[in-house]
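Report on the structure
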Number of protein chains: 2
Amino acid sequence: MAISERKKKILAAVVEEYIRTAEPVGSKAIAQTAGLGCSSATIRNELAELVNMGYLEQPHTSAGRVPTPMGYRMYVNELMQMQKLSLEETEEINQRLNTKLQELDDTISQVSRLASQLTDYPALALTAQSAVTIKRFDIIYVDANTFIIVAMMSNNTVKNKLVRLPVSVNEGLMKKLSALFNANFTGISEDQITPLLINSTERAADDTMGITSVIASFAIEILSEADKPMAFVTGENRLLNQPEYRDPDKAHKLMSYLSTGGHILPPADNMAGSEEVRVLIGPENVAEELKDSSVVIASYDAGDNTRGLIGVVGPTRMDYSAVAAKLSFLAAGLSRRLGGGEAPVEGMHNKLIIKGDDPIEHR
Amino acid sequence: MAISERKKKILAAVVEEYIRTAEPVGSKAIAQTAGLGCSSATIRNELAELVNMGYLEQPHTSAGRVPTPMGYRMYVNELMQMQKLSLEETEEINQRLNTKLQELDDTISQVSRLASQLTDYPALALTAQSAVTIKRFDIIYVDANTFIIVAMMSNNTVKNKLVRLPVSVNEGLMKKLSALFNANFTGISEDQITPLLINSTERAADDTMGITSVIASFAIEILSEADKPMAFVTGENRLLNQPEYRDPDKAHKLMSYLSTGGHILPPADNMAGSEEVRVLIGPENVAEELKDSSVVIASYDAGDNTRGLIGVVGPTRMDYSAVAAKLSFLAAGLSRRLGGGEAPVEGMHNKLIIKGDDPIEHR
DNA sequence: GTTGGCACTCTTTCATTTCGAGTGCTAATA
DNA sequence: TATTAGCACTCGAAATGAAAGAGTGCCAAC
């Protein structure tokens with residue numbers, strides 16, 4: 001059954017009013033605000049039909065109408081127009097994005113924080129999951145008991161580790177090991193680092209002190225760490241601003257679910273290539289804990305052909321339009337910085353300001 | 001005015017019962033549980049005096065008694081006996097402390113998480129604030145546009161940065177700069193890195209491309225970063241478990257105050273040397289937002305003669321005894337790992353397990 | 001100094017009433 | 001046929017009031 005133009009307008013009006021006030025919306029209010037030239041009685045008839053069709057529901061007989069998930073879905077898909085951000089907003093976001101992008105992790109966690117601030121909902125950010133390998137090893141001899149392992153990854157981050165041992169090492173061994181690791185351990189994945197490989201390297205290096213295996217462990221560690229995506233959840237407490245979470249138990253349940261991390265968001269591959277913002281409304285969420293909340297997700301290009309996610313969680317009565325606009329803009333800004341396009345380089349004109357791990361290989 | 005032995009017992013009983021139930025405690029309940037051989041009428045007389053003395057108060061005329069901050073203070077100072085942890089608890093904590101102490105920051109944030117889990121209150125952890133310097137520079141030439149700066153700090157952590165430039169560099173320059181920075185920039189504080197020093201280094205290195213200043217910026221950045229302590233707040237949502245924070249507004253206020261970080265805890269130097277657990281009850285807190293909450297703080301030895309903090313925030317009706325015991329144990333465990341004593345070294349018997357940045361110089 | 005007893009106070013709880021927003025329906029109208 | 005005015009009706013929210021109960025303070029007796 002098709003939905004008439006007027007019904008659409010009314011539905012939109014209900015959704016928007018309800019989003020604004022969190023109170024069931026009555027026929028009178030619509031007649032006044034929505035500006036279609038008809039009386040509240042007409043609206044009532046239409047509303048009744050919209051209830052029949054499943055787009056709206058009544059909390060009780062003598063109350064106004066509230067959108068159902070299906071109603072929100074219709075609104076998001078067809079009726080809503082993505083809010084435009086004001087100049088001030090875009091500027092503020094850009095500015096916030098520009099300031100101190102230190103470590104990649106820090107950047108992402110900052111972005112999560114920013115998303116939460118902008119939307120006033122809890123936000124989460126997931127780093128991209130990608131098959132990282134080590135591109136280059138350097139082993140720095142410090143003193144007889146100490147050396148530093150430096151590993152440059154394929155995504156151009158650098159990991160290091162200071163190792164202190166009860167045995168004596170010397171610069172020659174370090175050099176030898178550097179060369180061997182660069183030859184044998186670069187460009188491979190975690191599970192390609194086998195005991196066999198370690199043993200043969202150990203023999204080749206004349207290493208009788210187990211140093212090879214220490215370095216290999218480090219390689220395994222950072223590879224496995226780089227593999228799994230990280231989740232940053234921020235602003236959980238903002239949930240308490242929402243009337244639907246004034247019940248502490250409800251709030252607590254969702255908050256503790258959130259704080260366990262990023263199971264919440266669908267795998268990033270699902271979003272690959274999509275520049276769109278995705279909306280999951282109430283029961284559309286898989287997780288039981290989210291069945292009466294909504295999630296809005298944008299994906300960003302994290303470079304290296306991978307995508308990460310920024311998401312926001314709130315009641316189904318969420319301001320989809322504003323949130324979508326903000327997340328989309330945020331994701332785009334982040335993509336610009338992390339992803340393809342011109343690889344940012346150290347800005348030497350900024351006298352003493354350094355931008356952290358920004359530099360990412362162009363691909 | 002001295003406080004009689006019996007009054008002490010009664011006060012302790014009130015505090016403990018109130019901590020347990022969060023309900024005002026009546027004379028009858030005390031007569032039954034506290035096991036002093038006297039009737040509820042006697043207790044009533046004593047209670048009335050305790051109210052006069054300021055240790056207890058009545059929410060209203062016909063209610064039981066509730067401890068005042070002064071009452072809690074008396075309890076904490078004189079009446080409470082620190083709870084002993086059960087064997088299982090100590091074992092669990094130790095185990096959790098042992099698993100993957102990666103980066104120092106991660107360790108501290110994990111400990112914060114652990115503290116929150118153990119106590120079921122929000123927890124925060126502060127890293128130590130210390131005058132860190134750089135001990136050693138290594139500048140690694142990668143390719144004509146790329147190099148890596150590696151800086152080993154006086155607290156034996158290692159920082160690195162990948163720099164990508166639009167100009168060409170060569171290995172010779174890198175070597176020269178390495179030597180110069182090791183000579184001129186080690187062992188000094190952030191504000192000793194003056195434009196003068198940078199300029200003279202630049203000239204000495206024949207650096208016409210501003211690379212010296214890039215490296216100097218990095219030095220400044222990591223020094224200033226290492227200077228300021230970092231705060232990790234976890235488990236804010238656990239506040240909602242507490243009846244005194246069932247009011248969402250109250251909870252929200254405190255939670256958002258907490259999430260702004262570590263202004264909450266007094267500076268760590270105050271705690272220097274003290275192995276004690278410190279308790280701040282209600283109005284004893286300086287921050288307005290904490291005036292009716294309590295904070296329990298333990299300090300840990302972070303090595304290098306510095307101390308960090310672990311704290312827990314909750315209602316004044318906090319289980320001080322249990323919390324103090326847990327925090328104290330946790331701090332001790334952390335101190336053992338980070339602080340003085342035998343410097344931990346890479347355990348090579350653990351075949352493939354590496355403990356991260358653990359190794360700390362003995363001093 | 002301690003105790004039993006008892007009147008008193010104040011909150012909590014529950015039922016009842018009132019109020020009002022909003023509906024659904026009917027009949028009149030364009 | 002679609003729209004509208006009017007009106008009775010429903011149901012929740014807020015207000016009111018009565019009853020219950022916990023706990024006290026105090027007094028007189030021990």
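Residues numbered from 1 in each chain as written. Chains lettered and ligands numbered in written order. Predicted model: local features only at pLDDT ≥ 70, side-chain atom pairs only at ≥ 80, totals over all residues. Heavy atoms only, no water.

Some thoughts on the overall build of chain A
In terms of helices and strands, chain A carries 11 helices and 10 strands. Residues counted as buried form 54% of the 363 residues belonging to chain A. Of the contacts formed within chain A by residues at least 6 apart in sequence, a portion of 62% connects residues at least 24 apart. Accessible surface computed for chain A: about 16,100 Å², of which carbon and sulfur atoms make up 49%. (Helix = DSSP H or I, 4+ residues; strand = E, 2+ residues; numbered from the N terminus. Buried < 20%, exposed > 50% of the residue type's maximum accessible area, 1.4 Å probe, protein only. Contact = heavy atoms within 4.5 Å. Areas by Shrake-Rupley, 256 points an atom, 1.4 Å probe, with all protein chains shown as cover.)

Considering the packing of aromatic side chains
All names here are of chain A. Overall, the coordinates contain 7 aromatic pairs over all chains when judged by the stated rule. Centroid distance F137 to F181: 5.2 Å. Interplanar angle 55°. Geometry classified as tilted. Here F137, found in strand β4 (residues 134-143), pairs with F181, found in helix α7 (residues 171-184); they are 44 residues apart in sequence, far enough to count as distant. Since its relative accessible area comes to 0%, F137 is described here as buried. (Phe/Tyr/Trp six-rings, centres within 6.5 Å; stacked < 30°, edge-to-face > 60°.)

Considering the protein's contact with DNA strand D
Residues in close proximity to DNA strand D total 21 residues, the closest being R6(A), T42(A), T61(A), S62(A) and S27(B). Sugar and phosphate atoms constitute 75% of the interface atoms of DNA strand D, taking the interface as everything within 4 Å of the protein. For DNA strand D, a phosphate oxygen lies 2.9 Å from a polar atom in the backbone of S39(A). Contact between DNA strand D and R65(B): a phosphate oxygen at 3.1 Å from a side-chain N or O atom of the residue. For the surface near DNA strand D, the secondary structure elements donating two or more residues are α3 (40-53) of chain A together with α3 (40-53) of chain B. The biggest single contributor to the surface near DNA strand D is α3(A), with 4 residues. (Near = heavy atom within 4 Å. Polar contact = N/O pair within 3.5 Å; in protein donor to acceptor, adjacent residues only side chain to side chain.)

With respect to the protein's contact with DNA strand C
As a matter of local geometry, DNA strand C sits amid 21 residues, with S27(A), R6(B), S39(B), T42(B) and S62(B) nearest to it. For DNA strand C, the fraction of atoms within 4 Å of the protein that belong to sugar or phosphate moieties is 76%. At 2.9 Å, a side-chain N or O of R6(B) approaches a phosphate oxygen of DNA strand C. Residue R44(B) places a side-chain N or O atom 3.0 Å away from a base oxygen belonging to DNA strand C. Among the elements that make up the surface near DNA strand C, the one with the highest residue count is α3(B) (4 residues). Considering only residue class, the surface near DNA strand C consists of 4 nonpolar, 13 polar and 4 charged. (Nonpolar A, V, L, I, M, F, W, Y, C, P; charged D, E, K, R; others polar.)

Some words on the packing of helix α6 (residues 104-119) of chain A against helix α11 (residues 320-338) of chain A
Between two packed helices, the angle of one axis relative to the other and the distance separating the axes together describe the packing. All names here are of chain A. Put simply, α6 and α11 touch, their axes get as near as 10 Å, and they point 160° apart. Classified by the angle between their axes, α6 and α11 sit roughly antiparallel to one another. Between α6 and α11 lies a crossing whose hand is right-handed. Together, L104, T107, I108, V111, L114, A115, L118 and T119 of α6 and V323, K326, L327, L330, L334 and L338 of α11 make up the contact between the two elements. Partitioned by chemical class, the residues of the contact of α6 with α11 number 11 nonpolar, 2 polar and 1 charged. (Axes fitted to C-alpha atoms, helices over the stretch in contact; angles between N-to-C directions. Parallel < 35°, antiparallel > 145°, perpendicular 65-115°, else oblique. Left-handed = near helix turned anticlockwise from the far one by under 90°.)

Let's talk about the environment of D292(A)
Residues and elements named next belong to chain A. Relative to the helices and strands, D292 is located in the loop between β8 (278-281) and β9 (293-301). Residues D292 and F181, 111 residues apart in the sequence, show an inter-C-alpha distance of 52 Å. Excluding residues within four positions of it along the chain, D292 makes contact with Y245, K250, G282 and T316.

Details of the environment of E57(B)
Residue and element names in this part refer to chain B. Tracing the backbone through its elements, the reader meets E57 in strand β1 (residues 56-57). Sequence separation between E57 and Y245 is 188 residues; the distance between their C-alpha atoms is 20 Å. Residue contacts for E57: discarding those within four places in its chain leaves V51, G64, R65, V66 and T68.

Focus on the nonpolar core
Of all hydrophobic cores here, the largest spans 57 residues; its most connected members are L50(B), I310(B), Y320(B), L327(B) and L330(B). Here this core takes 9 residues from helix α11 (residues 320-338) of chain B, the largest share from any one element. Dropping the residues within four chain positions of it, I310(B) is found in contact with V111(B), A115(B), L124(B), A125(B), V296(B), I297(B), A298(B), Y300(B), L327(B), L330(B), A331(B) and L334(B). By size, the runner-up hydrophobic cluster in this structure holds 55 residues, among which are L36(A), M53(A), Y300(A) and V323(A). (Core = buried A, V, L, I, M, F, W, Y, C linked by side-chain atoms within 4.5 Å.)

Things to note about the confidence of the model for chain A
Looking at chain A, the pLDDT average stands at 86 and 88% of residues meet or exceed 70. Counted against residues more than four places away or in other chains, residues 341-363 of chain A, with its pLDDT under 50, gives 62 contacts. (pLDDT = per-residue confidence, 0-100.)

Points about the sheet that holds strand β6 (residues 158-164) of chain A
Sheet strands pair by backbone hydrogen bonding; their relative direction is either parallel or antiparallel. Residue and element names in this part refer to chain A. Reading across the sheet, the 3 strands line up as β4-β5-β6 and stay open at both edges, with antiparallel pairing between neighbours. Two strands lie at the open edges of the sheet, namely β4 and β6, each paired on one side alone. Taken pair by pair, the neighbouring strands of this sheet meet at an average axis angle of 15°, ignoring direction. One ladder, built from 7 bridges, connects strand β5 (residues 146-153) with β6; its direction is antiparallel. By the bridge assignment for β6, V150 is matched with N160. Running at roughly 175° to β4, α7 makes contact with β4 and β5 of the sheet. Of the strands in this sheet, β4, β5 and β6 touch helix α9 (residues 211-227), which is tilted by about 35° from β5. (Pairing = 2+ DSSP bridges.)

Side note on the pairing of β9(A)
Residues and elements named next belong to chain A. Within β9, 8 of the 9 residues are buried, which leaves it mostly tucked inside the rest of the structure. As paired strands, β8 and β9 are joined by 4 bridges and run antiparallel to one another. What sits directly across from V279, in β9, is V296. Of the strand pairs in this sheet, β9 and strand β10 (residues 307-315) are connected by 9 bridges, and their pairing is antiparallel. Bridge assignment links Y300 to a residue of β10, and that residue is G308. In this structure, the hairpin formed by β9 and β10 is closed by a connection of 5 residues, where G303 is found at a positive phi of approximately 80°.

Describing the pattern of salt bridges
All names here are of chain A. Per the stated rule, a full pass over the model turns up 26 salt bridges over all chains. Among the salt bridges present, the one from K7 reaches E49, with a minimum N-O distance of 3.3 Å. Residue K7 is located in helix α1 (residues 5-21), and its partner E49 is located in helix α3; the two are separated by 42 residues in the primary sequence. With its nearest N and O atoms 3.1 Å apart, the salt bridge here joins E17 to R20. In this pair, E17 and R20 both sit in helix α1, 3 residues apart, roughly one turn of the helix. Shared partners join several salt bridges into a network, and the residues in it are R6, K7, E46 and E49. (Salt bridge = Lys/Arg side-chain N within 4 Å of Asp/Glu carboxyl O.)

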